[in-house]
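Coordinates in review
So you can see what is in the structure, the chains are spelled out below.
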Amino acid sequence: MATKVFVPRLGEGVDEVTVTKWLKQEGDSIKELEPLLEVNTDKVDTEIPAPASGVVLKIIAQEGQVGKVGELLAIIGVAGESVDSSQLTVDSKKEEKTENPKSIQSSQPTTNYQQPTTNKEIGFISPVVAKVAAEHGINLSQVQGTGLNGRITKNDVLNFVESGKWKEERGKTVSNLQSPISTSQHGTLIKHTPIRKSIAQHMVESKHTSPHVLTVMEADMSKVSKHRSANKSQFERDGVNLTFTAYFMSAIVAGLKAYPMTNSSWSDEGIIVHKNVNLGMAVSLGEDGLIVPVIKNADDLSLLAMARAVNDLANRARNKKLQPDDVKGGTFTLTNHGTSGSLFAFPVINQPQSGILGIGAMQKRVVVIDDAIAIRPMVYMSFVFDHRILDGASADWFLAKVKETLENWS
């Protein structure tokens, strides 16, 4: 008996997914609940397990293809079992039964199964790797990747060059249409990943949706730094890494509580002031882009609980363990662009929120305190707000409250 694999409903409001990678190919054996493929929804990668044991008879949705909840992804059956056209259709009445990955539909076996050919998958390629490969005319399908999940790194390419094998590949191009890059004398084409497409779409829509205005203030982090030094060991005993991000998130909560209009969204009927404070924090995924997991009800959290939530979401984001619901429902966002050395920036609002706060790199700078010159650890805070909701004065009041909270931490 063949088993159909459908697109499951992965979260509230998640109606479609993008197939990013098949972990098994046609003809491969698989066990029940073993990961079958990876899908992406709203920049979250999720593994879909097999609903039954057997052999992958037919892959319906190709990598890069968008599938709606209830649509057919693949068929699993017994080795040698065939698949006919009648099995490739989905009864619309059955589409509702896809609330979890084990939702299946059985059908009778047929007799025209064919063994597929194989195609080497080189995975996602960073711009740096693509550039080095293009410069040397390297066919990346010949390079063994040592990065995460077998990804090809810059060092892998350089080691390949040093080995001398690259000379055999000079002048060749990566012509496989399934590959994310192609090279020629005119340059390098890097195929868009689902995450990059999602980022591009959200950023353009945001700029087209709301008038962005930037205001910048500087905060003295002396008291926060002292508090962190005094409590870091205690937090570690509780299994929590006390980062500066937890302080920034807590200070934002104080600002949102003092000025609730900042915790709001625009609608045609009026401004929606949110009851709950759900803070998003931008997490870099390296060359893959970034994602914004959300800490729900952040206004109820102590510094310890906030730090624990920050650790958890950041770790799961980088290890691709987030669930679709983890990136939904945010009412305000923090982006700590200072981790890469940036002093201040002009972040793009995460729609439909009213604003986003960017934190620059903390540096010791000369400042004047009580008419005396002093050296203090300082950060620039860049607040970008929706001018339909907030005016310059109200935006500055919020940012001043964040500044005050940080500078008077006790």
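Residues numbered from 1 in each chain as written. Predicted model: local features only at pLDDT ≥ 70, side-chain atom pairs only at ≥ 80, totals over all residues. Heavy atoms only, no water.

**Here we look at the pattern of salt bridges**
- According to the stated counting rule, one finds 11 salt bridges in the structure shown.
- The residue Lys68 makes a salt bridge to Glu16 at a minimum N-O spacing of 3.2 Å. Here the residue Lys68 occupies a position in strand β7 (residues 66–68), and Glu16 occupies one in strand β2 (residues 16–22), the gap between them amounting to 52 residues.
- Overall, Lys68 belongs to the partly exposed group, its relative accessible area being 46%.
- Between Glu407 and Lys403 there is a salt bridge whose closest N-O contact spans 3.0 Å. Taken together, the positions of Glu407 and Lys403, both in helix α8 (residues 392–407) and four residues apart, correspond to about one turn of that helix.
- Judged by relative accessible area, Glu407 falls into the partly exposed class, the value being 23%. (Salt bridge = Lys/Arg side-chain N within 4 Å of Asp/Glu carboxyl O. Helix = DSSP H or I, 4+ residues; strand = E, 2+ residues; numbered from the N terminus. Buried < 20%, exposed > 50% of the residue type's maximum accessible area, 1.4 Å probe, protein only.)

**Some thoughts on helix α6 (residues 244–258)**
- Here α6 contains 15 residues, and its C-alpha end-to-end distance of 21 Å stays within 8% of the 21 Å for a straight helix at 1.5 Å per residue.
- For α6, the tally of buried residues reaches 11 of 15 residues, placing the bulk of the element in the interior.
- Looking only at α6, the buried set comprises Thr245, Ala246, Tyr247, Phe248, Met249, Ser250, Ala251, Ile252, Val253, Gly255 and Leu256. (Expected span 1.5 Å × (residues − 1).)

**Structural notes on the confidence of the model for the protein**
- Looking at the protein as a whole, its pLDDT mean stands at 83, while 81% of the residues score no less than 70.
- Across residues 92–121 the pLDDT falls below 50, and counting only partners more than four positions away or on other chains, this stretch makes 67 contacts in the model.
- Note on residues 169–178: pLDDT under 50 across the span, and 23 contacts to partners over four residues away in sequence or across chains. (pLDDT = per-residue confidence, 0-100. Contact = heavy atoms within 4.5 Å.)

**Describing the environment of Met306**
- Tracing the chain through its elements places Met306 in helix α7 (residues 303–318).
- Owing to a relative accessible area of 1%, Met306 belongs among the buried residues under this scheme.
- Separated by 11 residues in sequence, Met306 and Ile295 place their C-alpha atoms 8.3 Å apart.

**Quick word on the sheet that holds β7**
- One open sheet accounts for four strands, arranged β5-β4-β2-β7; its pairing is antiparallel. One side of each edge strand has no neighbouring strand; the edge strands of this open sheet are β5 (44–49) and β7. Between one strand and the next, the sheet's axes are offset by a mean angle of 40°, whatever the strand orientation.
- Relative to strand β4 (residues 35–41), β2 is paired through four bridges, and the arrangement is antiparallel. The partner of Trp22 across the bridge, within β4, is Leu37. (Pairing = 2+ DSSP bridges. Axes fitted to C-alpha atoms, helices over the stretch in contact; angles between N-to-C directions.)

**Thoughts on a nonpolar patch on the surface**
- There is a patch of nonpolar side chains on the surface, built from Leu214, Val216, Leu343, Phe344 and Phe346 and spanning about 410 Å² of accessible area.
- Structurally, Leu214 is set in strand β12 (residues 212–220).
- When its relative accessible area of 32% is taken as the criterion, Leu214 is described as partly exposed. (Patch = residues over 30% accessible without salt bridge, like charges linked within 9 Å, V, L, I, M, F, W, Y side chains within 5 Å. Areas by Shrake-Rupley, 256 points an atom, 1.4 Å probe, with all protein chains shown as cover.)

**What to know about the nonpolar core**
- Leu279, Leu357, Met381, Phe383 and Leu406 are the most contacted members of the largest nonpolar core, which totals 52 residues.
- Discounting residues that sit within four places of it in the chain, Phe383 has contacts with Val213, Leu214, Thr215, Thr262, Phe332, Gly355, Ile356, Leu357, Leu390, Ala395, Phe398 and Leu399. (Core = buried A, V, L, I, M, F, W, Y, C linked by side-chain atoms within 4.5 Å.)

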